[in-house]
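# Summary of structural features
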Amino acid sequence: MTKYVINGGNPLNGEIEISGAKNAAVAIIPAALMVDGVCRIENLPEISDVKTLLSILKEMGAKIRVVDKRTLDIDCSRVGTTAATFDMMRRIRASYYLIGALLGRFGRADVAMPGGCNFGGVRPIDQHIKGFTAMGASVHVKNGIVTAVTSDMVRGAAIYLDVVSVGATINLMLGATLAKGMTIIENAAREPHIVDLANFLNSMGADIRGAGTNEIKIRGVKCMNGGFYSIIPDQIEAGTYMAAVAATGGRLCIRNVIPKHLECISVKLREMGVTIVDLDDSVIVQRDAPLLKTHVKTLPYPGFPTDMQPQIATVLCLAEGTSTITEGVWDNRFKYVDELAKMGSTIRVDGRTAVVEGVPYLTGAPIKASDLRAGAALVIAGLAARGKTVLDGVQYIERGYDKMVSKLNSIGADVKIVSEREGKKITKKIV
Ligand code: EPZ
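These numbers were taken from a predicted model, which means no experiment stands behind them.

What follows deals with the pairing of strand β4 (residues 63-68). Here β4 runs beside strand β5 (residues 71-75); their pairing, made up of five bridges, is antiparallel. Within β5, the residue paired with R65 across the bridge is D73. The hairpin formed by β4 and β5 contains two residues between the paired strands.

In structure tokens, the structure reads:
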């Protein structure tokens, strides 16, 4: 069992570099299944969700060559199976992108139902199924396996999404890339990783237009032949470090970012009195005055990201006055509030809204992460708190944050990784 021991109270100063975007990587790796040739993918984050997906592809017959720590050559031309029903599929949400990729390539997919972060509510896939059905597939779910079958191959269709869904937009783009004819996805999600997936597929030979708007047009192509692609920087990883500086104080230069993708986060931090300077591919974040209250509502991009909601809530715990946070994407994403309460925060949750009464300081405590972004928020709380925090459940953080502990320690934090194996305690100060 691994825990983080955080000695809080240090301001964060210096420079860090942001890794490739998790939610782009977990869409692009399954997309490589549809390419008849070698895809060289650069700027992959070193996170456990990526490792799990690569293991799934290998089990299916893909050849994967490590070029360097962040660059891989993936060759799926010899993959001959339509089934991805391994136990490890259930570990990650993004395994459902194999439905679109396999259906697009072979006209059939047998895929174990996805797992991934469970922040309390249901995570339906009805919009994915609706889209695949419109594209000529018959879709059944039995014993935890989704089977999607077409009589010949997938055909283009006009699909209107009833909810703006990142996952459905990506899955249907995958399904449509090698389809016969044109697919139009209306009310599509516009997140940066959707544009990144479209750019990846186009650079491999696909014909996709409109990604980044709410109408995406995909003209099916016969095959894709391979090529090079570099994944965009992670918007949420960058936002998490911005929030960390807001909570602890200090001055941080965050490199390898696309400042435009961070605007929705920067505006809220500025309202809270944080200084943010946008440069070409970096941002400087500085906080040296008391934090001010504000109101945040999460929405699909370009709204404030739900994946930053727990982190911003933690910062607001330390702001003067009463702030509110309204969750506009998920039914229930406030499980972390009970853990923050153990550190002295005052948050009252009423349905989809949390009312945060700012407190002058948080106090270190033993706490537990229940999902990836909750984990990131609790790390921020520990960094800003007085005294020692012992954080359990850090495997969630390692699903999506590349070397978080060493990045934090390089900018002045004091975080140790403590593993307990067979009753033995091993403490590592990671630098
Ligand atoms: C993606 O999840 C992300 N995951 C999530 O990030 C993120 O929170 C979410 O998008 C919203 O931005 C990945 O990219 C792997 P959705 P996804 O489909 O695709 C409803 C993180 O922390 N809905 O956009 O599963 C759904 O219930 C993770 O990195 C339907 O009703 O989310 C939700 O209310 C956690 N029917 C809303 O849409 C459907 O068929 C948005 O979900 C699909 C979704």
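Now that the structure is up, let's keep going.
What follows deals with the packing of helix α1 (residues 22-31) against helix α3 (residues 97-106). One way to put it is that α1 packs onto α3 with a least axis distance of 9 Å and a crossing angle of 25°. When the axis of α1 is compared with that of α3, the two are roughly parallel. Crossing of α1 over α3 shows right-handed handedness. Taking contact as the criterion, the partners of V26, A27 and P30 in α1 are, on α3, Y97, L98 and A101. Considered class by class, the residues forming the contact of α1 with α3 number six nonpolar, no polar and no charged.

Moving on to the sheet that holds strand β12 (residues 207-209). Read from one edge of the open sheet, four strands run β10-β11-β13-β12, paired in mixed fashion. The open sheet has two edge strands, β10 (158-160) and β12, and neither has a second partner. Each adjacent strand pair in this sheet contributes to an overall mean axis angle of 15°, direction not counted. Pairing geometry for β10 and strand β11 (residues 182-186), over three bridges, is parallel. Within β11, the position partnered with A158 by the bridge is I184.

This part takes up the site of the ligand. By nearness alone, 24 residues border the ligand, and K22, S165, V166, D307 and V329 come closest of all. Within the contact set of the ligand, an oxygen atom lies 2.6 Å away from a side-chain nitrogen or oxygen of S165. For the ligand, an oxygen atom lies 3.4 Å from a polar atom in the side chain of R333. The protein chains hide 91% of the 820 Å² of surface that the ligand would expose on its own. In this structure, the ligand is accommodated by the largest pocket. Breaking the shell around the ligand down by element, the ones donating at least two residues are α1, α4 (126-134), α5 (166-177) and α11 (372-384). It is α4 that provides the largest number of residues to the shell around the ligand, a total of three residues. Taken together, domain 1 (2-19 + 233-429) and domain 2 (22-230) each give at least three residues to the shell around the ligand, which thus spans both.

Conventions and cut-offs
Residues numbered from 1 in each chain as written. Predicted model: local features only at pLDDT ≥ 70, side-chain atom pairs only at ≥ 80, totals over all residues. Heavy atoms only, no water. Pairing = 2+ DSSP bridges. Helix = DSSP H or I, 4+ residues; strand = E, 2+ residues; numbered from the N terminus. Axes fitted to C-alpha atoms, helices over the stretch in contact; angles between N-to-C directions. Parallel < 35°, antiparallel > 145°, perpendicular 65-115°, else oblique. Left-handed = near helix turned anticlockwise from the far one by under 90°. Contact = heavy atoms within 4.5 Å. Nonpolar A, V, L, I, M, F, W, Y, C, P; charged D, E, K, R; others polar. Near = heavy atom within 4 Å. Polar contact = N/O pair within 3.5 Å; in protein donor to acceptor, adjacent residues only side chain to side chain. Areas by Shrake-Rupley, 256 points an atom, 1.4 Å probe, with all protein chains shown as cover. 1 Å grid on protein atoms, 1.4 Å probe; cavity = no way out; pocket = protein on both sides within 12 Å on 5 of 7 lines; lining within 4 Å. Sits in = over half its atoms within 2 Å of the grid points. Domains from an automatic or database assignment.

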